[in-house]
There are 2 protein chains.
Amino acid sequence: MGGDRGSEMAIQGALAAVRDTKGLEVILIGPRTILEQQLVEHVAGNIEFLERISVHHASEVITMDDSPVDAVRKKKEATIMVGFDLVKNGLADAVVSAGNSGATMAAAVRKLGRLPGISRPGLASFFPTLKKPVMLMDIGANVDCRPQHLYQFAVMASSCSRLLLNLDQPRIGLLSIGEETGKGNALVKETYDLLKQSPLNFIGNVEGRDVYKGDVDVIVCDGFVGNISLKISEGLADAAMQMLKREIMKTWRAKLGYLLIREALKGFKKQVDYAEYGGAPLLGIDGTGIICHGSSNATAIRNAIEVAANMVRNRVNEAIVQALGEYAA
Amino acid sequence: MGGDRGSEMAIQGALAAVRDTKGLEVILIGPRTILEQQLVEHVAGNIEFLERISVHHASEVITMDDSPVDAVRKKKEATIMVGFDLVKNGLADAVVSAGNSGATMAAAVRKLGRLPGISRPGLASFFPTLKKPVMLMDIGANVDCRPQHLYQFAVMASSCSRLLLNLDQPRIGLLSIGEETGKGNALVKETYDLLKQSPLNFIGNVEGRDVYKGDVDVIVCDGFVGNISLKISEGLADAAMQMLKREIMKTWRAKLGYLLIREALKGFKKQVDYAEYGGAPLLGIDGTGIICHGSSNATAIRNAIEVAANMVRNRVNEAIVQALGEYAA
């Protein structure tokens, strides 16, 4: 209910997920009458999907303007609170939300708690690259971090990307301002040593320039740097597209050319579109949660549901706990 | 001498600068015989420019692989050391270098010292936006900062962009992960208060998404975050261009379209090309220095020389010292 584009995107995304993934069931959480009415409108000819989509009533909504801490304390009947309750009680396997991300994280930690041994759950996200997508963690949950937190992000993201992308030994990089050992701020220098000593497949520092090359599978950073990396990339992609269009609109010749490359541009946009990458897994909680962009469209929701299902089926949390234990031993 | 593309780019850039800017004189620093020979080759028909280009001999070169600290201690005859000596002795007004940036900064501070009241000199850089360029500071000189340092970056970048871009009251933003007061890491929160209390035209936090919109003139951040912002932008721009070309090469239709939009693409590239923005001013030293990308081409060098000349003519350093004094009072 709490996304920028309302519950219709969630419903369309849920329908697409149910259509595309065998055996998947989706529970829509929110005001029953509203959701049931919208569901009927969107399901149209595909009545059979209704067997795998249900509505669970929740009366309150946490908005984007709500303070996360206050909201999870006061709005006990909010959709996101009810969602994590369903997971806690074994009635759902995962929660997908395009609502207030701070509140979603707070609700997840409050309702489900952390995985054993994890000091700080965090948000991971896939970035498109010239090769395979790279997972960056943390992208905004933890703004002031200690080396131990970054080390745990590496363990969590490594387990997650190994299982989701079917990698043997994900290559872990540490985001810094130079490739050489000893480059970076105090946090990075200490984290470097921790990662170096660990059994992780740590390949060293990676620079901002290397993020989009695709020669690394997981990039670790604190949530402040990760959030800025994500947002600056989104902002640049938007601005570049606008600048390019402005240039193209200057001549008839270029306008004609634009018509001819329009399909290629669509293919390109699909490659860089964050919607294609299925939201941001919240790793380190004792359960599964995916946080989507507030402006997520139906495709983004569909893909996030699919990622959530893959995380559950591949038992990502078990792998994280096992890896943490093994590495500590 | 120390740039990735050798001294030829510096010579071509110097020739272009002398051609385009009245009254400007350039001193090339490096091994005399090499530089004089290259100069003669490149000057071709434009003998009259030689009146404003001279060669000053320096026998050593600091390479990209040299440790900055060691290099400035051991290579006393390096081009960059000799350059800042010329400034110190009043024989030159500014230094432009595409060499080892760490060594250039170290040499500048060692030879010229800091401006009165400045605790940490830093590197600023213009970023292209949908409107006017925005100046980001620091982009890599200071990786671990205190609020007072960021406050001084704001004062320096504000004075510099005011004079170079002819702005009345540059709008200052603080790079963070949310626009609201109280968002960000510990450093940003404390800096927010300092900037809020200052007479600077502080407009609050700006997110990564906002960097390329052009609604702010100066963005302040620590050098770790600034360097990653710069490099990730460069990396994304490169990768996006490669992805787009890959898509275009898939069909004949798109290839034909590409031919028609090629001029528009060139215009676009020029807009986002860092070479167009004239290098990174080193602010806070008692003199003028511009650090260029190691891979700078002749245009980048030309533009950097022009920025250096503008900084000197507009007395940026005097403005910085005056602003610091006024704000402290």
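None of these values were measured; they are calculated from a predicted model.

Thoughts on the relation of the copies chain B and chain A
Stage number 1. It takes a turn of 180° to lay chain B on chain A, together with a shift of 0.0 Å along the axis; the resulting RMSD is 0.0 Å. Here the copies are linked by what is in effect a two-fold axis. Proximity to the rotation axis, assessed at the C-alpha, singles out B:Gly257 in chain B; its C-alpha lies 1.9 Å from the axis.
Stage number 2. When the interface residues of chain B are mapped onto chain A, 100% of them are again interface residues, pointing to one common binding face.

Examining the domain arrangement of chain A
Many descriptions give the size of an interface as the accessible area lost when the pieces come together.
Residue and element names in this part refer to chain A.
Stage number 1. Split into domains, chain A comes out as domain 1 (7–118 + 284–316) and domain 2 (122–241).
Stage number 2. Inter-centroid distance (C-alpha atoms) of domain 1 to domain 2 is 27 Å.
Stage number 3. Element by element, the count of residues in the side of domain 1 that touches domain 2 is highest for helix α10 (residues 298–313), at 3 residues.
Stage number 4. For the side of domain 1 that touches domain 2, the class distribution of residues is 6 nonpolar, 3 polar and no charged.

A few points about the interface of chain B and chain A
Stage number 1. Taken together, the contact pairs 50 residues of chain B with 51 residues of chain A.
Stage number 2. Sorting the residues of the side of chain B that touches chain A by element identifies α8 (223–248) and α9 (252–272) of chain B as the ones contributing at least two each.
Stage number 3. The element contributing the most residues to the side of chain B that touches chain A is α8(B), with 19 residues.
Stage number 4. Taken together, the residues of the side of chain B that touches chain A sort by class into 26 nonpolar, 13 polar and 11 charged.

Here's the deal with the environment of B:Gln197
All names here are of chain B.
Stage number 1. With respect to the helices and strands, the residue Gln197 is situated in helix α7 (residues 186–197).
Stage number 2. Exposure remark for Gln197: the 11 C-beta atoms within 10 Å place this residue in the exposed category.
Stage number 3. A C-alpha to C-alpha distance of 21 Å links Gln197 and Leu136, two positions 61 residues apart in sequence.

Regarding the nonpolar core
Within soluble globular proteins, side chains that are nonpolar generally end up buried alongside one another.
Stage number 1. If you look at the biggest cluster of nonpolar residues, it comprises 218 residues, and the most contacted ones within it are A:Val220 and B:Val220.
Stage number 2. Residues contacting B:Val220, with those up to four places away along its chain left out, are B:Met137, B:Leu150, B:Phe153, B:Ala154, B:Ala157, B:Ile172, B:Leu174 and B:Leu175.

Reading the values: the criteria
- Residues numbered from 1 in each chain as written.
- Chains lettered and ligands numbered in written order.
- Predicted model: local features only at pLDDT ≥ 70, side-chain atom pairs only at ≥ 80, totals over all residues.
- Least-squares fit on C-alpha atoms with pLDDT ≥ 70 in both.
- Contact = placed C-beta atoms within 7 Å.
- Domains from an automatic or database assignment.
- Helix = DSSP H or I, 4+ residues; strand = E, 2+ residues; numbered from the N terminus.
- Nonpolar A, V, L, I, M, F, W, Y, C, P; charged D, E, K, R; others polar.
- Buried ≥ 20, exposed ≤ 12 C-beta atoms within 10 Å, placed from the backbone.
- Core = buried A, V, L, I, M, F, W, Y, C linked by C-beta atoms within 7 Å.

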